[in-house]
Each structure stands twice: as structure tokens, then as C-alpha cells.
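Survey of secondary and tertiary structure
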Amino acid sequence: MTKRVALVTGGTGGIGTAICRALVDAGFRVVAGYNSGGNHDKAKEWQEEQRKDGYEIDVAYGDVTDAESCAACVETVKELTGGSVDVLVNNAGITRDGMFKKMSWEQWNEVLSANLDSMFHMTRLVINPMLDKGFGRIINISSVNAQKGQFGQCNYSAAKAGIHGFTKALAQEVAAKGITVNTVSPGYIMTPMVAKIAEEVQQKICSTIPVGRFGTPEEIARAIAFIADESSGYITGSDLSINGGLHMS
Ligand code: CAA
Ligand code: NAP
């Protein structure tokens, strides 16, 4: 049987890499979207590292803030796999932290663009082929900091909270056509994004997590593979928290 095709934006990043690998393990043909400021060699190196570990994962360039670049990315996926995207994981994202009283428009706009506008650009490109096929899984990566808000993240909390509104609205529009739309909201996961928080701030945050540690990318990835599964068709419009107890809603 032909494998279902999964596209993971930010696929070469911390959580993205674990998602790609979990989806390969689950039997998908996986393509990792990357940006890297157009550094294609870096993506090829990443691909080679995965191959050494036994993971065959294609890579496709695309800037999720740019509609044309997203279209080119989805076109590359088509060329590489010969099929349309069955599973889209909207995982690419950035932070530009700072207190709101000092926040610039650029800090606001960059975060809204990469974390929220990206949902429109990428999902808009795959939704009609999914509707035609009568199958699809859209999985959007939000954050615990959307659910609870976070000091220093007015931009990020707003963007990530917007994601779940998008998820719930779209889930209703496509539910009858075999397409599920869900959000996964990770807590603090040790990746380059968290590593760049000042050490003493990290320690303070960690001390508030009931499980007593930051999470691992693999602890997020297993949930994505679960939701992407053919047999998870009754899970839609949900927001799955994976945060070590940091926030319980
Ligand atoms: N609650 C209340 N007050 C706080 C606070 C908090 N959580 N954090 C800092 N403050 C206070 C400080 O005590 C300080 O008070 P005084 O002026 O009275 O001394 C004041 O706010 C300024 O704090 P800083 O000196 O830290 O200010 P800064 O401008 O250097 O840094 C910051 C501000 C960038 C927001 C920094 O505090 C920070 O990095 N915080 C962490 C933000 C965070 O959690 N980001 C998550 C990134 S990872 C991610 O986003 C992934 C995900 O989804 C989970
Ligand atoms: P990461 O390692 O920094 O990965 C972020 C990924 O997003 C990178 O692969 C990056 O690609 C990609 N990206 C950023 N801007 C892009 C753009 N304009 N176009 C295309 N790709 C772009 O961080 P991470 O922790 O794995 O984050 C993955 C997702 O999880 C993000 O949405 C993040 O907000 C969310 N999240 C993270 C945590 C956490 O604690 N780590 C918690 C909750 C939610 P390039 O490197 O190729 O540019």
C-alpha cells in the first residue's frame, strides 16, 4: 500500500526532528520543511544524520511567513512523493521575548507571522486536496503559554492562543470529510528555543513544573503520531496539553 505523506514544518528543529522520526516509525512517508535562512546545506546535513540513524526523511525548503514560499514547499513535497499531503504538522515557530512595555512592532509582527499567519499559508494549500481525498490530519503546535499566558510573551501567547481558535473553527468545517484538526500544547521542552532563555530564568521556570523537569521532544512526538493515525478519526477540535503539570485546564 502507498504510504500516507506527512509534512512537518520546522521539521529539522528540536521538536520537529522527533516528530519526523515518530511519523517514520508509524509508517508515514515524511518530509521535513525547513527554512534555516536558505541554508540548504544545513538541511542536507540534517538529512544525512537522520539517514545514519536509519531514518529516510525528505527535506523541502519553505518560509512559513511567505505564501509563495509555502506554495513552493508543498510543490516540492508533491515532486518528492508523487502525492499530496495527508498529514500536515504546523510546527514551525519562533519566540521574540520581551516585556510588552518595551516590545517593538517587529517583535510582535515576526512572532504573529511565523506562529499564526503560517497556519493560514500552509493549511490553505493542503486543505482542498484533503477534502477531495476524504482524508486528512492537521496538527497544530501551540503552547502552554497560550493557555496560561507568560510574562515576557504577549506576542507569543497571543499567536499561540490564536492557533487553537483556528483549530476549533476549521475542525467544524471539515469534520464530515474525514479530516481532523487538532492542537497540541507542549510545556517547556528542552530544545534550542528553551536553551536560549537565561540560565537563572530557566531554573526558576523548572522549579514550577510539578513533574520536576523540562520535557523531551519525544514526549511530544508520540502524541503527534497518535493523532495522525488512521484510527484517531474521532479526535478533532481538541487541544492536548503535554506540560508536566505546569498548567491544568
Ligand atoms: N513574573 C513576575 N515578574 C517577573 C517575572 C515573572 N514571571 N519574570 C521577571 N519578572 C520581573 C523581574 O523580577 C524584574 O523585576 P525588577 O525590575 O523589579 O527587578 C522585571 O520583571 C524585569 O525582569 P528581567 O530583568 O528578567 O527583564 P529582562 O527585560 O531582562 O527580561 C524576559 C525579560 C525576556 C521576559 C525574561 O524575563 C525571560 O526570558 N523570561 C522568560 C520568558 C519565557 O518563559 N519564555 C519562554 C521561551 S520558550 C517557549 O516559548 C516555548 C514554549 O512555548 C513554552
Ligand atoms: P526550534 O528547535 O527552534 O525549532 C523551530 C523550528 O521552526 C525550526 O526548525 C525553524 O526552522 C522553524 N522555523 C522558524 N521560522 C520559520 C520560518 N519562517 N519558516 C519555516 N520554518 C521556520 O524550537 P522547537 O522547540 O522545536 O519548536 C517547535 C514548535 O514547538 C514551535 O512552534 C514552538 O513554538 C513550539 N513549542 C515549543 C516549546 C518548547 O518548550 N520547546 C513549547 C511549546 C511549543 P529553521 O531552523 O530551518 O529556520
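Residues numbered from 1 in each chain as written. Chains lettered and ligands numbered in written order. Predicted model: local features only at pLDDT ≥ 70, side-chain atom pairs only at ≥ 80, totals over all residues. Heavy atoms only, no water.

Rules: UniProt positions are given in the numbering used here, feature names are shortened, and annotations may be inferred rather than shown by experiment.
In the nomenclature of an unreviewed UniProt entry, the protein chain is known as 3-oxoacyl-[acyl-carrier-protein] reductase FabG of Nitrincola nitratireducens. Listed under Sequence similarities (unreviewed entry) in UniProt, the entry text for the protein chain is "Belongs to the short-chain dehydrogenases/reductases (SDR) family."

**Let's talk about the overall build of the protein chain**
Put simply, the rule reads: Secondary structure elements are taken from DSSP: a helix is a run of H or I of four residues or more, a strand is a run of E of two residues or more, and numbering for both begins at the N terminus. In this description the radius of gyration comes from C-alpha coordinates, and the expected globular size is given by 2.2 Å times residues to the power 0.38. A 1.4 Å probe rolled over the protein chains alone gives each residue an accessible area, and that area as a share of the maximum for its type sets the label: buried under 20%, exposed over 50%, partly exposed in between. Accessibility throughout is a Shrake-Rupley quantity obtained with a 1.4 Å probe, and a residue counts as covered only by protein chains that appear here. Working convention for charge: Lys and Arg count positive, Asp and Glu count negative, and His plus the chain ends are omitted. The atoms used to mark charge sites are NZ of Lys, CZ of Arg, CG of Asp and CD of Glu.
Helix and strand content of the protein chain: 9 helices and 7 strands. Taking 2.2 N^0.38 as the reference for a compact globule, 249 residues should give roughly 18 Å; the C-alpha atoms of the protein chain span a radius of gyration of 17 Å, in line with that estimate. Dimensions of the protein chain, computed from the C-alpha atoms along their principal axes, are close to 50 × 40 × 35 Å. For the protein chain, the proportion of its 249 residues judged to be buried stands at 48%. Taken as a whole, the protein chain presents about 11,900 Å² of accessible surface, with 54% of it coming from carbon and sulfur. Treating the 23 positive side-chain charges of the protein chain as one cloud and the 27 negative ones as another, the clouds have centres 4 Å apart.

**Describing the packing of helix α1 (residues 14-25) against helix α9 (residues 217-228)**
Note the threshold: Between N-to-C directions, angles cover 0 to 180 degrees, with each direction set by a line fitted to C-alpha atoms, over the stretch in contact for helices. Note that the term roughly parallel is reserved for angles under 35 degrees, roughly antiparallel for angles over 145, roughly perpendicular for angles of 65 to 115, and oblique for everything else. Put simply, a crossing is left-handed when the front helix is turned counterclockwise from the back one by less than a right angle, and right-handed when it is turned clockwise. A contact between two residues is defined here by any heavy atoms of the two lying within 4.5 Å. Any residue that is not Ala, Val, Leu, Ile, Met, Phe, Trp, Tyr, Cys, Pro, Asp, Glu, Lys or Arg is counted as polar, Gly included; the first ten are nonpolar and the last four charged.
Axis separation between α1 and α9 bottoms out at 8 Å; the angle between their running directions is 45°. Considering their axes alone, α1 and α9 lie oblique with respect to each other. Seen along the crossing, α1 lies across α9 with a hand that is right-handed. Every residue of α9 that contacts α1 at Gly14, Ile15, Ala18, Ile19, Ala22 and Leu23 is listed here: Pro217, Glu218, Ile220, Ala221, Ile224, Ala225 and Ala228. For the contact of α1 with α9, the residue count by class is 11 nonpolar, 1 polar and 1 charged.

**Brief notes about the site of ligand 2**
Rules: Throughout, the term near means that a residue has one or more heavy atoms lying within 4 Å of the molecule or strand in question. Within 3.5 Å is the distance limit for a polar contact, defined as a pair of N or O atoms, with the added protein rule that one can donate a hydrogen and the other accept it, and that residues adjacent in sequence qualify only through two side-chain atoms.
Residues in contact with ligand 2 amount to 30 residues; listed here are only the nearest, Ile15, Asn91, Tyr156, Ile189 and Thr191. Here a nitrogen atom of ligand 2 sits 2.9 Å away from a polar atom, N or O, in the side chain of Asp63. Here an oxygen atom of ligand 2 and a backbone polar atom of Asn91 are 2.7 Å apart. Relative to its unbound accessible surface of 880 Å², ligand 2 loses 88% to contact with the protein. Counting only elements with at least two residues in the shell around ligand 2, the list comes to α1, α6 (154-174) and α7 (192-195). With 3 residues, the top contributor of residues to the shell around ligand 2 is α7. Grouping the amino acids of the shell around ligand 2 by side-chain chemistry returns 13 nonpolar, 15 polar and 2 charged.

**Overview of the packing of aromatic side chains**
Threshold: Each Phe, Tyr or Trp ring (for Trp, its six-membered ring) is paired with any other whose centre lies within 6.5 Å, and the angle between the two planes then decides the class: stacked below 30 degrees, edge-to-face above 60, tilted in between. For a Lys NZ or an Arg CZ to count as sitting over a ring, it must be within 6 Å of the ring centre and within 35 degrees of the ring normal.
According to the stated counting rule, one finds 2 aromatic pairs in the structure shown. Here the aromatic rings of Tyr34 and Tyr61 are separated by 5.7 Å at their centres, their planes lie at 65°, and the arrangement is edge-to-face. Of the two residues, Tyr34 sits in strand β2 (residues 29-34) while Tyr61 sits in strand β3 (residues 58-61), which places them 27 residues apart along the sequence. Since its relative accessible area comes to 8%, Tyr34 is described here as buried. Between the NZ or CZ atom of Arg4 and the centre of the ring of Phe135, over which it lies, the distance is 3.7 Å.

**A closer look at the pattern of salt bridges**
Two side chains bearing opposite charge may form a pair once their charged atoms approach each other closely. Here is the rule we go by: One side-chain nitrogen of Lys or Arg within 4 Å of one carboxyl oxygen of Asp or Glu is enough to make a salt bridge.
If you walk through the whole model with that rule in mind, you get 9 salt bridges. Close ionic contact of Arg4 with Glu230 constitutes a salt bridge, the shortest N to O distance being 2.9 Å. Pair noted here: Arg4 is in the segment before β1 (5-8) and Glu230 is in the loop between α9 and β7 (239-242), with a separation of 226 residues, a long-range link. Ionic pairing is found between Glu56 and Arg51, a salt bridge with its closest N-O pair at 2.9 Å. Exposure remark for Arg51: the relative accessible area of 34% places this residue in the partly exposed category.

**Let's talk about the environment of Thr76**
With respect to the helices and strands, Thr76 occurs in helix α3 (residues 67-81). Exposure remark for Thr76: the relative accessible area of 25% places this residue in the partly exposed category. Here the alpha-carbon distance between Thr76 and Ser113, two residues 37 residues apart in the chain, equals 22 Å. A distance of 2.8 Å separates the side chain of Thr76 from the backbone oxygen of Ala72, its partner in a polar contact.

**Some remarks on the nonpolar core**
Threshold: Only buried Ala, Val, Leu, Ile, Met, Phe, Trp, Tyr and Cys residues count toward a nonpolar core, and they belong to the same one when joined by side-chain atoms within 4.5 Å.
Membership of the largest hydrophobic core comes to 32 residues, with the highest contact counts inside it found for Ile19, Leu23, Val30, Ile57, Val89, Val184 and Ile224. Mapped onto this core, the elements with two or more residues apiece are β1, α1, β2, α2 (40-52), β4 (87-90), β5 (136-141) and α9. Excluding residues within four positions of it along the chain, Val184 makes contact with Ile139, Asn140, Ile141, Ser142, Ser143, Ile220, Ile224, Ile227, Asp239, Leu240 and Ile242. One finds Val5, Ala92, Met122 and Val174 within the second-largest nonpolar core, a separate group that totals 22 residues.

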